[in-house]
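# Analysis of the macromolecular model
Here is how the chains run, residue by residue.
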Amino acid sequence: MSEVRTFTDMEQIICTTARLMEEDKLYFVAIGGPPLLAVLLAKRLYTPEIAYVVEDGTIAPQVPLPAPPFLVAASGSSYRAVAWTDMNTVDFHAALGYIDYGVLAAVQVDEYGNFNSTFIGPAYERPARRFGGPGGANEIASLCWRTILMTRQQGRKFVRKLDFMSSPGFLDGSVGARERAGLPSETGPWRVVTETAVFDFDADSRRMRLRGLAPWATVDDVVAQMEFKPLIAPKLETLELPSEEELGALRAEVDPTGRTIRGRWITVEEEAGGHVRLVQQDAPAGEG
Amino acid sequence: MLAAGAGVFKPPDPDGFRRHVRDHKERRLVSKLMSEREAVERFVEDGDYVSYDCNLWNRGPAALMREIIRQRKRDLWIAAKFTAHDATLLVAAGCVSRIDVGWMEVGRVIQEAQVAGRVQLFEWSNGALAYRHLAGALGVPFLPLRYLGGTGTFHGSGAKLIEDPFTGQAVCLVPALNPDVALVHVNQCDEFGNARVFGAGIAPVETAMASRKVILSAEEIVAGDEIRRHPQQTRIPYYAVDAVVHAPFGGYPGSVPGLYRADVQHLMEFAAAQVQGTIEAYLDKWVFSVSSNQEMLEQRVGQAKLDELRAQETIREGYYE
């Protein structure tokens, strides 16, 4: 018996991220997008007791599911919070060390986990494409104990040199680099999640290290989609496929309008004995 | 000093701010109710630094922004702390030449304006901008924080990295921001400017208190007596406020939580106008061809749509209950 499953690259990224969540911890997410969906999915299926703060000052909301359309502009996003505060207040809570994990999306990331959400192109004044800016990512990636980054596995995203460093990873990778830049000690990037891989960071060199692979992907597949060569963990874990339960919750409850989970379709076939074969995947879509 | 960003910033001037307060702020309880036209004519000048709370998706001062566009204000400098397409709208209308960026929706309008040199961007973050407003609201020239350092954002900002004289560790300093004008859309307000803001917000109090001139638009004007019965709910006191504009649906097309939902169709119309290069027609329809927010609501939105947006907002708990 074999089973065929079809999902988007973004669904795989969100499901993998949701499974990384640690129960009973506090999270900081941007107000919308994949990081919020990952936290909502984790709360729905795996870690119901995690809580999160949002940049607008909302603390520990209970978003009604199915989520309302255009959640960022809907009162549902802050429904039944324990407190409605403001941006400075939740940033102070992160500065005090209350927030365990920041979850963020990145346009480009380098081998030390520094990332870009400002622009791509040859020069600041002449961007090939300008993006919204760091938003809250700079403070979240600086002040939370650990940062989880979400991005697609593409060479133009895993770059040797960022077009612009919006937010900090381990900076130049040297010992104490973050502290010398004025950031709190013992903080930094923890995982980078893509549709085909999960990375962590080597404790000594602070370089990005491949630690998990999607069951249909090889190390070469992943490295081919990176400008720099990551370290490779001695033992690679095999990532789960998105389950029917996860996809159901994601599509019907967490992102029922499908705004965020859209992406490149991937079809795999799970054969008897657990081998997973890639049947089809679309070419990478344009930047988005 | 260990490092300094190269970005231009509005220089802090705490004594100048105090003198402005001494000489221009009304201490008496007097009515400041006026039309949005009068408020913007009197309190927004070309070249001003304008800061607003929230955005065009959520409890933003949309009616006041449209009035600024209608009056063709020029050369404004804005703080895009957690901005939706507000900056795009103001840039498309030719009102804005400088933007301090935290986060903003960016499409072809801002990108083309930047490349053509019509608008300059300066890099901060949402938090750094909210915090700069806090410094401005505290009356101090700067505040320390523990982020920005080491990044391109730092280098594009006006922040400085110094050795902290107390711990000896590196710490980042950001200059206080005292905007010329604050625009804040509030749920309730009395005629004097005592204001209530319900729900989470970005920095309504810091934005108002840091700014020399403060324009509030309010969904509802309540009696001064009502304010005094629930003083705990007052977030902004009257003496900080220069103008109070009664603006029901003043956040349209965004939502005001507890009152009405965002008009998603309108937001899509704007998104399409940007992509298709027809923002001039959009501005003509929604701003220039009507004389006020009220007229726009009556002639362009219509009562049926307004009723629908109110009906869609099913959550009142925490705001009005």
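Below or above, wherever it landed, is the structure these notes cover.

## Quick word on the overall build of chain A
For chain A, the count of helices and strands is 7 helices and 17 strands. Its C-alpha atoms give chain A a radius of gyration of 18 Å, near enough to 19 Å, the size a compact globule of 288 residues would have. For chain A, the spread of C-alpha atoms along the principal axes amounts to about 55 × 45 × 40 Å. Scored against the burial criterion, the 288 residues of chain A give a buried share of 53%. Across chain A, the fraction of contacts at a sequence separation of at least 24, relative to all contacts at a separation of at least 6, is 67%.

## Observations regarding the packing of helix α2 (residues 36-43) of chain B against helix α3 (residues 62-70) of chain B
Each pair of packed helices gets described by two things: the angle between the helix axes and the distance between those axes. Residue and element names in this part refer to chain B. With their axes 9 Å apart at the nearest point, α2 and α3 run at an angle of 60° to one another. As judged from the angle between their axes, α2 and α3 are oblique. The two elements α2 and α3 cross, and the hand of that crossing is right-handed. Residue-level contacts link Glu36, Arg37 and Val40 of α2 to Ala63, Leu64, Glu67 and Ile68 of α3. Looking at the contact of α2 with α3, its residues break down into 4 nonpolar, no polar and 3 charged.

## Description of α3 of chain B
What sets the pattern is the α-helix's 3.6 residues per turn: residues three or four places apart point alike. Residues and elements named next belong to chain B. Burial of α3 is extensive: 9 of the 9 residues sit out of reach of the surface. Those residues of α3 that fall on the buried side of the exposure criterion are Ala62, Ala63, Leu64, Met65, Arg66, Glu67, Ile68, Ile69 and Arg70. Just downstream of α3 lies arginine 72, where phi reads positive at about 50°.

## Things to note about the packing of helix α3 (residues 87-95) of chain A against helix α6 (residues 126-138) of chain B
Here α3 of chain A crosses α6 of chain B at 110°, and the two axes come no closer than 9 Å. The angle between the axes of α3 of chain A and α6 of chain B places the two elements in the roughly perpendicular class. As α3 of chain A packs across α6 of chain B, the resulting crossing turns out to be left-handed. When α3 of chain A is examined against α6 of chain B, the residues Met87, Asn88 and Asp91 of chain A are found in contact with a partner set consisting of Asn126, Gly127, Ala130, Tyr131 and Leu134 of chain B. Broken down by class, the residue content of the contact of α3 of chain A with α6 of chain B amounts to 4 nonpolar, 3 polar and 1 charged.

## Re the nonpolar core
Grouped together as the largest cluster of nonpolar side chains are 183 residues, with contacts concentrated most on Ile14, Val39 and Leu41 of chain A together with Ile78, Leu90, Ile215 and Leu216 of chain B. For isoleucine 14 of chain A, the contacting residues outside a window of four places in its chain are Pro34, Leu37, Ala38, Leu41, Leu250 and Ile261 of chain A.

## As for the interface of chain B and chain A
Facing the 48 residues of chain B at the interface are 48 residues of chain A. Residue assignment for the side of chain B that touches chain A shows that the elements contributing at least two residues are α5 (108-115), α6, α7 (152-156) and β8 (170-175) of chain B. Ranked by residues supplied to the side of chain B that touches chain A, first place goes to α6 of chain B with 5 residues. Tallied by class, the residues present in the side of chain B that touches chain A amount to 24 nonpolar, 18 polar and 6 charged.

## Details of the sheet that holds strand β16 (residues 265-270) of chain A
All names here are of chain A. Strands sit in the order β1-β16-β17 across an open sheet of 3 strands; the sheet is antiparallel. The sheet is open, and its two borders are formed by β1 (3-8) and β17 (276-281), each paired with just one other strand. Ignoring strand direction, the axes of neighbouring strands in this sheet form an average angle of 25°. Examined bridge by bridge, β1 and β16 share 6 bridges and lie antiparallel to one another. Each bridged residue has a counterpart across the sheet, and for valine 4 the counterpart in β16 is glutamate 269. Contacts from helix α1 (residues 9-20) reach β1 and β16, with the element oriented near 90° to β1.

## Looking at the sheet that holds β8 of chain B
Residue and element names in this part refer to chain B. One open sheet accounts for 4 strands, arranged β1-β7-β8-β6; its pairing is antiparallel. Taken across any chain shown, the strands that pair with only one partner, and hence form the sheet edges, are β1 (3-4) and β6 (142-145). Inspection of the sheet shows β6 paired to β8 by 4 bridges, in the antiparallel sense. Bridge assignment links leucine 143 to a residue of β8, and that residue is valine 174.

## As for the environment of proline 242 of chain A
All names here are of chain A. Among the secondary structure elements, proline 242 is positioned in the loop between β15 (231-238) and α7 (244-254). Linking proline 242 and serine 2, residues 240 residues apart in sequence, is a C-alpha distance of 16 Å. Sequence-distant contacts of proline 242, that is, excluding residues within four places in its chain, are made with Phe7, Glu11, Gln12, Cys15 and Leu247.

## Description of unusual backbone geometry
Residue leucine 65 of chain A is joined to proline 66 of chain A through a cis peptide bond whose omega torsion reads 0°. With respect to the helices and strands, proline 66 of chain A occurs in the loop between β4 (58-59) and β5 (83-84). Notably, arginine 72 of chain B is not glycine yet its phi reads approximately 50°, a positive angle. For arginine 72 of chain B, the position within the fold is in the loop between α3 and β3 (76-80). For phenylalanine 82 of chain B, which is not glycine, the phi dihedral falls at a positive 60°. Of note, phenylalanine 82 of chain B is situated in the loop between β3 and α4 (86-92).

## A word on helix α12 (residues 293-301) of chain B
Residue and element names in this part refer to chain B. Within α12, the full set of buried residues consists of Asn293, Met296 and Leu297. Buried positions in α12, seen along its axis, are confined to an arc of 100° and lie on one side of it. Facing away from the buried side of α12, by more than 90 degrees, are the exposed residues Glu295 and Gln299. For α12, the secondary structure elements touched by its buried residues are α2, α3, α11 (279-288) and α13 (303-312).

What counts, and where the lines are drawn
- The residue numbers shown here count from 1 along each chain, following its written sequence.
- Working convention: letters from A go to chains and numbers from 1 go to ligands, in the order in which they are written.
- A pLDDT threshold of at least 70 governs which residues receive local features in this predicted model, and a stricter bar of 80 or more applies before side-chain atom pairs are shown or counted, although totals over entire chains, interfaces and linings include all residues.
- Secondary structure elements follow DSSP: runs of H or I of four or more residues count as helices, runs of E of two or more count as strands, with numbering from the N terminus.
- C-alpha atoms define the radius of gyration, and 2.2 Å times the number of residues to the power 0.38 defines the globule rule.
- Put plainly, a residue is buried at 20 or more neighbouring C-beta atoms within 10 Å of its own, exposed at 12 or fewer, and partly exposed in between, counting only other residues' C-beta atoms, which are placed from the backbone.
- By the convention adopted here, residues make contact when the C-beta atoms placed from their backbones lie within 7 Å.
- An axis is simply a line fitted to the C-alpha atoms; with a helix, the fit covers only the stretch in contact. Between two such axes, the angle follows the N-to-C directions and lies from 0 to 180 degrees.
- In this scheme, roughly parallel covers angles under 35 degrees and roughly antiparallel covers those over 145, while 65 to 115 is roughly perpendicular and the rest are oblique.
- Here is the rule for handedness: rotate from the far helix to the near one, and if that takes an anticlockwise turn smaller than a right angle the crossing is left-handed, while a clockwise turn gives right-handed.
- Nonpolar residues are Ala, Val, Leu, Ile, Met, Phe, Trp, Tyr, Cys and Pro. Charged residues are Asp, Glu, Lys and Arg, and all others, Gly as well, are polar.
- In these notes, a nonpolar core means any group of buried Ala, Val, Leu, Ile, Met, Phe, Trp, Tyr and Cys residues linked to one another through C-beta atoms within 7 Å.
- Note on pairing: two strands pair once DSSP finds at least 2 bridges between them.
- Summarising the geometry, the arc corresponds to the directions from the helix axis toward the C-beta atoms.

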